[in-house]
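Each chain, letter by letter, is given below.
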Amino acid sequence: MKNSALKGALGALAVVGVALIAKKAVQRKRFIRGIFDEYGIKEKSPFGLADKIREMNDDQYQELKGKFKKEFSSRCCRKDNTCEA
């Protein structure tokens with residue numbers, strides 16, 4: 001009886017984990033779509049984004065780079081004083 005309860009609990013945890021991963025993937029996909037729409041990129045591929053980056057001036061590129069850093073940065077350990085002892 002214990003084994004089946006343990007398997008059920010682990011199965012439920014697995015389902016929750018997959019749901020959280022899927023939610024994060026959808027959020028990131030929505031972010032990328034927003035970037036394509038904001039900068040008027042018609043070709044929805046990495047090549048279209050690269051072409052647009054080549055056309056940008058330095059200020060626009062730094063702004064885009066900041067948006068990507070903010071969205072895709074790791075939240076486990078930030079580079080401020082919270083990680084240092």
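Predicted model, so just to flag it, every value in this text is computed and none were measured.

Attention now goes to the environment of Phe31. Mapping Phe31 onto the fold places it in helix α1 (residues 2–38). By relative accessible area, Phe31 is classed as buried at 18%. Phe31 sits 36 residues away from Lys67 along the chain, and the two C-alpha atoms are 9.6 Å apart. Discounting residues that sit within four places of it in the chain, Phe31 has contacts with Lys67, Phe68, Glu71 and Phe72.

All right, on to the pattern of salt bridges then. Taken as a whole and judged by the stated rule, the model has four salt bridges. Lys44 is the partner of Asp37 in a salt bridge, and the nearest nitrogen-oxygen pair spans 3.5 Å. Taking the relative accessible area as the measure of exposure, Lys44 reaches 52% and is therefore exposed. In this structure, Lys67 engages Glu63 in a salt bridge whose closest nitrogen and oxygen atoms are separated by 3.5 Å. Of the two residues, Lys67 and Glu63 both sit in helix α3 (residues 58–72), four residues apart, roughly one turn of that helix. For Lys67, a relative accessible area of 22% puts it in the partly exposed group. Because the salt bridges share partners, they merge into one network encompassing Glu38, Glu63 and Lys67.

Cut-off values and rules
Residues numbered from 1 in each chain as written. Predicted model: local features only at pLDDT ≥ 70, side-chain atom pairs only at ≥ 80, totals over all residues. Heavy atoms only, no water. Helix = DSSP H or I, 4+ residues; strand = E, 2+ residues; numbered from the N terminus. Buried < 20%, exposed > 50% of the residue type's maximum accessible area, 1.4 Å probe, protein only. Contact = heavy atoms within 4.5 Å. Salt bridge = Lys/Arg side-chain N within 4 Å of Asp/Glu carboxyl O.

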